[in-house]
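Now for the letters of each chain:
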Amino acid sequence: MNKKFFSFVTIAIFTLMINPCFAMTDETTNLYNQIINTNKILDKNIEDLNRISLQVDILKQRAQDITKNYKNTNQVDFNKRINNLKELKIIEQKYIDSLSTQNAEKEFNDLISLAKELFPKLQQEDLITDKPTAVSKTLQKSAKYIEEIYALKLELVNQQKSLQLEERDLTVAQIDYLKRKVDLIKTEIAGCEAQSTQLDEDIRKNEEVLNTLIKQIKDVENDYRKLQKYKWVPFYNFYWACKNLDNKVKNKYKKAKREKQIYISQLEHLNSEQFNLKNKLLILNKEIQKFQDDFNNHNKYLVYYVEQINYLTQAKSKYSNMIVTIGKIINKLEYNSSSVEDMQKVVEDIISNQQ
């Protein structure tokens, strides 16, 4: 019996030595296991983050391809590039929305709360140095994970800002293009108005000639009637024939009527062209106003992106500082288990700074 009892005690002691978790209470073990599980979850999250990072690199290359040499493109290319930029911004916004810093910070805060409970319990029990080191490394990894989210989000927002600037430049180029087009149309309208004015003057003069010719033709008709009435009088017939049978008068009359019709047709054509040009000018001016409004909206978005960039930069910096501080404690913990107190102080400092 004594040998069996001694063997049982020996095995129990050996088990406690090789498995430090048995040297802790169930509550402490549960806390420790929760932290270790969090560490595994973080590994998967970081893997997902790295995959998104690769996608972001592809998006950046696509953005460079879209925005290259826009100044040498025509109006159709402007529209195509702006549409491509907008599509790219929508895709990138999906990635930005998927990077939930709020959830990551909540996970980090939960981990801090677990660590805050765990460290005092470890100090009261049989402390094995790799336990606080593992916990500290999980804390550091969690802070590193959040820092990488902020860094990636910052990169995406910076990219969005660059795209917004590019889109604004394209809008300015469109405005310049349309203004040049407006100037050309105004020149065409001025030419039409000049031609129309000249035609009005030609028609006025032509109508004066026509009125004279009409009077002459009426005289001719009167002379014919007189000729028919007095043609029996000797030599009278010859007199009126010589005086009134003037084919030139008739020809001038016909020519004048033809020219008048030509002038009228030309004037109608010019008036129609002038009307169309003025409508086109009106449409272009509306387009310019629309692009001007777009330009103002771009500037508003740029202000928003600058605010986002400032916020993300500060947040990233905060977690970077945490990583460095926790890293220093980890180095101490690897050689001095009493540094658990230092780690506990860091955890308490983080909690107080977040409040």
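Residues numbered from 1 in each chain as written. Predicted model: local features only at pLDDT ≥ 70, side-chain atom pairs only at ≥ 80, totals over all residues. Heavy atoms only, no water.

> How should the overall build of the chain be read in this particular structure?
When helices and strands are tallied, the chain shows eight helices and zero strands. When its helices and strands are written in sequence order, the chain yields α-α-α-α-α-α-α-α. The buried share among the 355 residues of the chain stands at 34%. Long-range contacts, defined here as pairs at least 24 residues apart, represent 86% of the contacts in the chain between residues at least 6 apart. (Helix = DSSP H or I, 4+ residues; strand = E, 2+ residues; numbered from the N terminus. Buried < 20%, exposed > 50% of the residue type's maximum accessible area, 1.4 Å probe, protein only. Contact = heavy atoms within 4.5 Å.)

> Would you mind showing me how to read the pattern of salt bridges here?
Should the charged atoms of two oppositely charged side chains come close, the side chains can pair. Overall, the coordinates contain eight salt bridges when judged by the stated rule. Across the pair Asp48 and Lys44 runs a salt bridge whose closest N-O atoms are separated by 3.3 Å. Note that Asp48 and Lys44 are positioned in helix α2 (residues 26-67) at a spacing of four residues, about one turn of the helix. Across the pair Lys290 and Asp294 runs a salt bridge, and its minimum N-O distance is 3.2 Å. (Salt bridge = Lys/Arg side-chain N within 4 Å of Asp/Glu carboxyl O.)

> Is there a simple way to think about the nonpolar core in this case?
Across soluble globular proteins, nonpolar side chains have a tendency to be buried as a group. Ranked by size, the top nonpolar core spans 45 residues in total, and within it Phe108, Leu139, Tyr145, Met343 and Val347 carry the most contacts. Looking at this core, the elements with two or more residues in it are α2, α4 (101-124), α5 (130-230), α7 (247-333) and α8 (340-354). Of the residues forming this core, the biggest block, eleven residues, is contributed by α5. Core analysis: the next-biggest nonpolar cluster, separate from the first, contains 15 residues, Ile189, Cys192, Leu199 and Leu284 among them. (Core = buried A, V, L, I, M, F, W, Y, C linked by side-chain atoms within 4.5 Å.)

> How should I be thinking about the environment of Ile66 in this particular structure?
As for its position among the elements, Ile66 is in helix α2. Taking relative accessible area as the criterion, Ile66 reaches 9% and is therefore assigned buried. Expressed as a C-alpha distance, the spacing of Ile66 and Asn84, which sit 18 residues apart in the sequence, is 7.1 Å. Discounting residues that sit within four places of it in the chain, Ile66 has contacts with Arg81, Asn84, Leu85 and Leu88.

> Explain the confidence of the model for the chain to me, please; I cannot follow it from the model alone.
Close inspection of predicted coordinates is inappropriate in any region flagged by low pLDDT. Looking at the chain as a whole, the pLDDT averages 76, with 77% of positions reaching at least 70. Predicted confidence in the chain is weakest over helix α1 (residues 2-18), with a mean pLDDT of 46, and strongest over α2, with 85. The model gives residues 1-6 a pLDDT under 50, and that stretch makes zero contacts with residues more than four places away or in other chains. Within the model, the stretch residues 11-22 combines pLDDT values under 50 with seven contacts to residues more than four positions away or in other chains. (pLDDT = per-residue confidence, 0-100.)

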